[in-house]
Amino acid sequence: MIAAAGHDAVAIAREFALSGEILSASPYGSGHINDTYKVDVKPAGGPRRYVLQRINHNVFRRPDELMANVERVCAHAYAKLKQAGVPDAERRTLRLLPTLTGKAWHIDAAGNRWRCYHFIEGATGHDVVRSPEQAYAAAKSFGAFQSLLADLPGGRLLETIPDFHHTPARFARFQQALAQDAHGRAAASVPEIAFALARAHEVNVVVDALRDGTLPERVTHNDTKLNNVLLDDVTQDGVCVIDLDTVMPGSALYDFGDLVRTSTSPAAEDETDLSKVQMQFPMFAALVKGYLESTRGFLTPKERALLPFAGKLITFEIGLRFLTDWLEGDIYFKTKCPTHNLDRTRTQFKLVESIEDQLPAMQALIARA
Ligand code: ADP
Ligand code: GN1
Ligand code: MG
């Protein structure tokens, strides 16, 4: 999907209980799904910023229920941080700003759902990992996020995208897209298709174990890419986990797996020079350290043992989703050039190969940890 046409974000921002005059609203961030704007406001006491987002309702088919999830998650996380006496709780979790009529989201004339968050200042979401310290901080934050939500009251969260990490279902969708080849693109991606088909036998491991109960279901984030946690600009410590749209029942392995995908390679997700793409072992070791530190109280031996495999599985799964979107004509992820999804596929699959090469060493590290 090419980035959506501009909305009148200033007019939408006026629907929210912002404190002050709106100076500007400009596109912000590098997410692939929602439309995000930074809103600058001039209040009496000094400048203030907010994040305004249009929920992509082609991706999230039940946006109202999604917002009910997000409200629950934000409220619970904030209450627990306050209860624990965390001094800067305001910065440690996303907080929704209500509309002028006291609602948690706004519906515009075209039926779009909008929400507004307080801006997390002095912290950044990084597209590419730069140091083991960053990898450690990200893993620690996502593990702590799971810990914070382990006692979320109110019953099971809605699955905002059913079967989001159901790798076999993703594989079946890929096969369907390949069989249809609606845009005649299969011929331009023969090696990538072969790579995917050769790994069909591995896609069931986690879903089978969830089904037979040997892996536990947890409230997980499910989209733990590095830029979905904001790191402090000065200390590089994890400050705030963001992008809560896919917080729902899942496996801890999904969260760790996507950390491996996004926080071990020195190359961007869409790097076209594949010689730069590799799983760097010190980054993996830092992820393991951070994740085990914050999940020590609850991670089971089987979850621990499968952490390296999860890195491979989720990297493969996301690569497969990019490949599927390529074959289907770029209908899901935002793209910036005609081959963007194919470029992303190649990068993910190169990383899968690098993980495969190092899997024994990764497993040995876990056994020692
Ligand atoms: P998407 O689902 O499209 O990835 P995100 O919720 O991740 O959207 O937001 C896109 C980007 O906006 C993030 O990567 C981050 O840089 C920025 N962002 C989102 N929420 C906040 C916030 N509360 N404070 C500061 N930056 C934010
Ligand atoms: C999307 O929303 P964003 O950009 O953080 C996608 C993830 C993918 C990721 C790949 C809801 O994440 O599942 O792993 O792109 N989110 C959704 O970069 O599909
Ligand atoms: Mg995001």
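How each quantity is defined
- Residues numbered from 1 in each chain as written.
- Chains lettered and ligands numbered in written order.
- Predicted model: local features only at pLDDT ≥ 70, side-chain atom pairs only at ≥ 80, totals over all residues.
- Heavy atoms only, no water.
- Helix = DSSP H or I, 4+ residues; strand = E, 2+ residues; numbered from the N terminus.
- Rg over C-alpha atoms; globule rule 2.2 N^0.38 Å.
- Buried < 20%, exposed > 50% of the residue type's maximum accessible area, 1.4 Å probe, protein only.
- Contact = heavy atoms within 4.5 Å.
- Areas by Shrake-Rupley, 256 points an atom, 1.4 Å probe, with all protein chains shown as cover.
- Lys, Arg positive; Asp, Glu negative; His and termini not counted.
- Charge placed at Lys NZ, Arg CZ, Asp CG, Glu CD.
- Near = heavy atom within 4 Å.
- Polar contact = N/O pair within 3.5 Å; in protein donor to acceptor, adjacent residues only side chain to side chain.
- 1 Å grid on protein atoms, 1.4 Å probe; cavity = no way out; pocket = protein on both sides within 12 Å on 5 of 7 lines; lining within 4 Å.
- Sits in = over half its atoms within 2 Å of the grid points.
- Donors = N, O, S within 2.8 Å, 3.2 Å for Na, K, Ca; no water.
- Pairing = 2+ DSSP bridges.
- Phe/Tyr/Trp six-rings, centres within 6.5 Å; stacked < 30°, edge-to-face > 60°.
- Lys NZ or Arg CZ within 6 Å of the ring centre and 35° of its normal.
- Axes fitted to C-alpha atoms, helices over the stretch in contact; angles between N-to-C directions.
- Nonpolar A, V, L, I, M, F, W, Y, C, P; charged D, E, K, R; others polar.
- Domains from an automatic or database assignment.
- Buried area = accessible area lost by both parts, 1.4 Å probe.
- Salt bridge = Lys/Arg side-chain N within 4 Å of Asp/Glu carboxyl O.

**Structural notes on the overall build of the chain**
Next, step 1: Secondary structure assignment for the chain yields twelve helices and ten strands.
Next, step 2: Relative to a compact globule of 369 residues, whose C-alpha radius of gyration would be 21 Å, the chain shows 20 Å and is just as compact.
Next, step 3: Dimensions along the principal axes, computed over C-alpha positions, put the chain at roughly 60 × 50 × 40 Å.
Next, step 4: Scored against the burial criterion, the 369 residues of the chain give a buried share of 54%.
Next, step 5: Put simply, of all contacts in the chain between residues at least 6 apart along the chain, 74% involve residues at least 24 apart.
Next, step 6: Of the accessible surface of the chain, which amounts to about 15,600 Å², a share of 55% is contributed by carbon and sulfur atoms.
Next, step 7: Charged side chains in the chain number 41 positive and 45 negative. The centres of these two groups are separated by 3 Å.

**Some remarks on the site of ligand 1**
Next, step 1: Every one of the 19 residues lining ligand 1 counts as a neighbour, but N34, Q53, H118, I120 and D243 are closest to it.
Next, step 2: Measuring from a nitrogen atom of ligand 1, one finds a backbone N or O atom of H118 at 3.0 Å.
Next, step 3: Between a nitrogen atom of ligand 1 and a main-chain N or O atom of I120, the distance comes to 2.9 Å.
Next, step 4: When ligand 1 is considered free in solution it has 550 Å² of accessible area, and contact with the protein chains removes 95% of it.
Next, step 5: Applying the majority rule of atoms within 2 Å of the grid points places ligand 1 in the largest pocket.
Next, step 6: Among the secondary structure elements, those contributing two or more residues to the shell around ligand 1 are β3 (48-54) and β5 (113-118).

**Examining the coordination of the magnesium ion (ligand 3)**
Next, step 1: Around the magnesium ion (ligand 3), the protein supplies N228 (OD1) and D243 (OD) as donor atoms, at distances of 2.2 to 2.3 Å. A residue pair is termed long-range when its members are at least 10 positions apart, and N228 in the loop between β7 (218-220) and β8 (229-232) and D243 in the loop between β9 (238-241) and β10 (248-250) qualify at 15 residues.
Next, step 2: Overall, N228 belongs to the buried group, its relative accessible area being 4%.
Next, step 3: Exposure remark for D243: the relative accessible area of 26% places this residue in the partly exposed category.

**Things to note about the pairing of β9**
Next, step 1: In this sheet, β9 lies alongside β8 in antiparallel orientation, the contact comprising three bridges. Looking at the pairing, L231 lines up with G238 of β9.
Next, step 2: Between the end of β8 and the start of β9, which pair antiparallel, lie five residues, with Q236 showing a positive phi angle near 70°.

**Overview of the packing of aromatic side chains**
Next, step 1: What the rule picks out here adds up to ten aromatic pairs.
Next, step 2: With 6.0 Å between their ring centres and 55° between their planes, F281 and F284 make a pair best called tilted. With F281 and F284 both in helix α9 (residues 281-295), this residue pair falls three residues apart, about one helical turn.
Next, step 3: The interplanar angle of 25° and the centroid separation of 5.7 Å between the aromatic rings of F316 and F349 together place this pair among those described as stacked. Of this pair, F316 sits in helix α11 (residues 307-327) while F349 sits in helix α12 (residues 340-368), and the two are 33 residues apart along the sequence.
Next, step 4: Judged by relative accessible area, F349 falls into the buried class, the value being 4%.
Next, step 5: Lying across the ring of Y78, R95 places its NZ or CZ 5.7 Å from the centre.
Next, step 6: Stacked on the ring of F195, the Lys or Arg R199 has its end atom at 3.6 Å from the ring centre.

**Observations concerning the sheet that holds strand β6 (residues 123-124)**
Next, step 1: Pairing is antiparallel in the open sheet, where three strands are placed in the order β6-β8-β9. For this open sheet the edge positions go to β6 and β9, each flanked by a neighbour on one side alone.
Next, step 2: Of the pairings in the sheet, the one linking β6 to β8 comprises two bridges and is antiparallel in character. Each bridged residue has a counterpart across the sheet, and for T124 the counterpart in β8 is L231.
Next, step 3: Strands in contact with helix α4 (residues 132-149) are β8 and β9; relative to β8, the strand with the most contacts, it is inclined by about 125°.

**Side note on the site of ligand 2**
Next, step 1: Taken together, the neighbourhood of ligand 2 is formed by 17 residues, with H32, K225, E269, R321 and Y332 sitting nearest.
Next, step 2: Separating an oxygen atom of ligand 2 from a side-chain N or O atom of R321 is a distance of 2.8 Å.
Next, step 3: Protein contacts shield 97% of the accessible area of ligand 2, which totals 440 Å² for the unbound molecule.
Next, step 4: For the shell around ligand 2, the element with the highest residue contribution is α11, accounting for three residues.
Next, step 5: Among the residues making up the shell around ligand 2, the classes are represented as seven nonpolar, four polar and six charged.
Next, step 6: Here the shell around ligand 2 gathers at least three residues from each of two domains, domain 1 (4-121) and domain 2 (132-368).

**A look at the side chain of D232**
Next, step 1: With respect to the element layout, D232 can be found in strand β8.
Next, step 2: Using a relative accessible area of 12% as the deciding quantity, one classes D232 as buried.
Next, step 3: Within the structure, the side chain of D232 is placed 2.9 Å from the side chain of R91, a separation counted as a polar contact.
Next, step 4: Every residue in contact with D232, bar those within four places of it in the chain, is listed here: R91, G122, A123, D237 and V239.

**Here we look at the domain arrangement of the chain**
Next, step 1: When the domains of the chain are assigned, the result is domain 1 (4-121) and domain 2 (132-368).
Next, step 2: Placing a centre on the C-alpha atoms of domain 1 and another on those of domain 2 gives a separation of 26 Å.
Next, step 3: In this complex, domain 1 contributes 26 residues to the contact, which on the side of domain 2 involves 33 residues.
Next, step 4: Interface area for domain 1 against domain 2, summed over the two sides, is near 2,600 Å², with a carbon-plus-sulfur share of 59%.
Next, step 5: Counting the surface domain 1 buries against domain 2, the share from its top three residues, H32, R72 and V73, is 26%.
Next, step 6: On the surface where domain 1 and domain 2 come into contact, there are four salt bridges.
Next, step 7: Where D245 meets R115, a salt bridge forms, and the shortest distance between an N and an O atom there is 2.7 Å.
Next, step 8: Of all the secondary structure elements, the ones that give two or more residues to the side of domain 1 that touches domain 2 are α2 (63-83) and α3 (89-92).
Next, step 9: Class assignment of the residues belonging to the side of domain 1 that touches domain 2 gives a composition of eleven nonpolar, seven polar and eight charged.

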